[in-house]
Amino acid sequence: STVREQVSFDYMDQSPEMMERSARKGLLDVVLSFGDILLGQDWHTIPLWEVQWKVVVRKGHPLTRKRVVNSLDGFPLVGFCYIEGDRLTSRKSPLQNTFQAIRGDGSENTRYSLEIVRKTDSVAYLPDLCMAGALKKGDIRSLQVAGWKNEKRQLYIHFNKDRVRQKFAKQLTRGLSQPSA
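Residues numbered from 1 in each chain as written. Predicted model: local features only at pLDDT ≥ 70, side-chain atom pairs only at ≥ 80, totals over all residues. Heavy atoms only, no water.

1. Focus: the packing of aromatic side chains
For any pair of aromatic rings, geometry is given as the distance between the ring centres together with the angle between the planes.
Okay, so step 1: Across all of its chains, the model carries two aromatic pairs by this definition.
Okay, so step 2: Judged by centre distance (5.9 Å) and plane angle (35 degrees), the ring pair of Trp 53 and Tyr 125 falls under tilted. In this pair, Trp 53 is assigned in strand E2 (residues 43-58) and Tyr 125 in strand E6 (residues 123-127), connecting sequence segments 72 residues apart. Tyr 125 matches Trp 53 in its accessibility class, with the two residues each being buried.
Okay, so step 3: Here the aromatic rings of Tyr 125 and Trp 148 are separated by 6.1 Å at their centres, their planes lie at 90 degrees, and the arrangement is edge-to-face. In this pair, Tyr 125 is assigned in strand E6 and Trp 148 in the loop between strand E7 (140-143) and strand E8 (152-160), connecting sequence segments 23 residues apart.
Okay, so step 4: Aromatic ring contacts, followed pair by pair, group Trp 53, Tyr 125 and Trp 148 into a single cluster. (Phe/Tyr/Trp six-rings, centres within 6.5 Å; stacked < 30°, edge-to-face > 60°. Helix = DSSP H or I, 4+ residues; strand = E, 2+ residues; numbered from the N terminus. Buried < 20%, exposed > 50% of the residue type's maximum accessible area, 1.4 Å probe, protein only.)

2. A few points about the side chain of Ser 22
Okay, so step 1: Looking at the secondary structure, you find Ser 22 in helix H1 (residues 16-24).
Okay, so step 2: Overall, the relative accessible area of 11% leaves Ser 22 in the buried class.
Okay, so step 3: Apart from residues no more than four positions distant in its own chain, Ser 22 is found in contact with Gln 14, Leu 27 and Leu 28. (Contact = heavy atoms within 4.5 Å.)

3. Some points on helix H5 (residues 166-175)
Okay, so step 1: Buried residues of H5: Phe 168, Ala 169, Leu 172 and Thr 173, and no others. End-on, the buried residues of H5 take up no more than an arc of 135 degrees, which puts them together on one face. Turned more than 90 degrees off the buried face of H5, the exposed positions are Gln 166, Lys 167, Arg 174 and Gly 175.
Okay, so step 2: Considering only its buried residues, H5 is in contact with strand E1 (30-34), E2 and E8. (Arc of directions from axis to C-beta.)

4. Some words on the environment of Val 164
Okay, so step 1: Mapping Val 164 onto the fold places it in the loop between E8 and H5.
Okay, so step 2: Beyond its immediate sequence surroundings of up to four residues, Val 164 is in contact with Asp 29, Val 30, Phe 159 and Ala 169.

5. What about the side chain of His 61?
Okay, so step 1: Within the secondary structure layout, His 61 lies in the loop between E2 and strand E3 (77-84).
Okay, so step 2: A relative accessible area of 1% means that His 61 is categorised as buried.
Okay, so step 3: If we skip the residues at most four places from it in the chain, His 61 touches Phe 75, Asp 121, Ser 122 and Val 123.

Structure below.
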């Protein structure tokens, strides 16, 4: 007889600090992260691929008429940030100074950021991993901004050695594929 894994997935965006705390408390079994976070000796880490961050807008946005955009001035920005206790923290990115100069909003969840971009004239800076489907469908468009080099970050998968069988971890890792957009 074959033993089948009882698996359920919950997707959530967390800051690296929140992931580390949740892992130490035994609340997580598998973690995907940008950057190699410190989860402890009970965890096995495998590097996957580099994720490209891109500036994106909705299909039909006024900025899509230009091949290269010189400025994002005048458009609301949606940035990726985390709620840590009672404070809001933002990840370092090329948008960091821009957010301080003009009006912008933060979203703790990449899905919400994507929905805001799809339905408004907002501009976002997000990882391609989270928007490959929307880019492929044409719902959103990536922009080239003069003077910017889009950031690349390593994606890792982490498995709790005590709760995730090695065979299942290998199957899951093989089943993951880099999105193409």
